[in-house]
Amino acid sequence: MKFVIQRVKEAGVSIDGSAYSSINKGFLILFCAEKEDEKGGEFSGKRLDLDGLLDYFVNKILKLRIFEDENGKMNRSISDINGEILVVSQFTLAANCKKGTRPSFDSAMEPEAAKKTYESFVLKLNNAALAGEIKSVQTGVFAANMQVFLINDGPVTILLS
């Protein structure tokens, strides 16, 4: 799994020229599921299945301290600020550009499985919102041609995989 997490003042998605979703202060997360994710992985010395990987990443994302505290230090999490999250599926994060000039996407998870993984990730984030850990979760549309806008705050951009 690959995530690009951008701290934003606002972000949104349009599809076919119409606004689809938007958030204010929080994270824009670009999400990519890869074939290897179906096997699970090892994190913090534990072997995790796919569902465990999703739990691990949701927990990590909710606790990332990349918002500034009263002293200007990145010391607050999205939960601490009651922020919003916009999740956009982006299989192109699986691009391999080592050979030639045309990227290979062979490592991307097959679309049907990737959609289920994306929806599971979003559901876990929605559960965090229902529990009051974050304000809300918005999404794009899986496999749609979307136009994404953001006002990056900082800028702060974190790669997580």
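About the thresholds
Residues take numbers from 1 onward in each chain, read along the sequence in its written order. With the structure being a predicted model, the display of local features is reserved for residues of pLDDT at least 70 and the display and counting of side-chain atom pairs for 80 or more, all residues being used for whole-chain, interface and lining totals. Only hydrogens and water are removed before side-chain values are computed, so all heavy atoms of the structure are retained for them. Any two of the Phe, Tyr and Trp rings considered here, Trp counted by its six-membered ring, make a pair once their centres fall within 6.5 Å; the pair's planes then place it as stacked at under 30 degrees, edge-to-face at over 60, or tilted in between. Working definition: helices are DSSP H or I runs of at least four residues, strands are E runs of at least two. Numbering for both runs from the N terminus. Type-normalised accessible area, obtained with a 1.4 Å probe on protein chains alone, sets the label of each residue: buried when under 20%, exposed when over 50%, and partly exposed for intermediate values. The criterion for a disulfide is a pair of cysteine sulfur atoms lying within 2.5 Å. A strand pair is defined by DSSP finding two or more bridges across the two strands. The salt bridge criterion pairs a side-chain nitrogen of Lys or Arg with a carboxyl oxygen of Asp or Glu, the two atoms within 4 Å.

Participant: Could you clarify how one ought to interpret the packing of aromatic side chains in this entry?
Facilitator: Tallied over the full model, the rule gives nine aromatic pairs. Between Phe-31 and Phe-121 the ring centres are 5.0 Å apart and the planes differ by 15°, which places this aromatic pair in the stacked class. With Phe-31 in strand β3 (residues 26–32) and Phe-121 in helix α2 (residues 111–130), this pair connects stretches of sequence that are 90 residues apart. Pair check on accessibility: Phe-31 and Phe-121 agree, each one buried. One aromatic cluster is present, formed by Phe-3, Phe-31, Tyr-56, Phe-57, Tyr-118, Phe-121 and Phe-142 through successive ring pairs.

Participant: Can you help me understand the state of the cysteines in this one?
Facilitator: In a disulfide, the sulfur atoms of two cysteines are held together by a covalent bond. Under the defined criterion, the tally for this structure stands at zero disulfides. Unpaired in this structure, Cys-32 has its nearest cysteine sulfur neighbour in Cys-97, at a distance of 12 Å.

Participant: Sorry, what's going on with the pairing of strand β2 (residues 18–23) here?
Facilitator: Put simply, side chains in a regular strand alternate between the two faces of the sheet. Across five bridges, the pairing between strand β1 (residues 2–15) and β2 is antiparallel. Paired with Gly-12 across the strands is Ser-22, a residue of β2. From the end of β1 to the start of β2, which pair antiparallel, there are two residues, and Asp-16 there has a positive phi angle of about 55°.

Participant: I'm lost on the pattern of salt bridges in this one. Help?
Facilitator: Under the counting rule described, the total for this entry stands at seven salt bridges. The closest approach of N and O atoms between Arg-7 and Asp-153, which form a salt bridge, is 3.5 Å. With Arg-7 in strand β1 and Asp-153 in strand β10 (residues 146–160), the pair connects residues that are 146 residues apart, well separated along the chain. When sorted by exposure, Arg-7 lands in the same class as Asp-153, which is buried. Its salt-bridge partner being Lys-39, residue Glu-36 comes within 3.3 Å of it at the nearest N-O pair. Lys-39 sits in the exposed class, given a relative accessible area of 57%.

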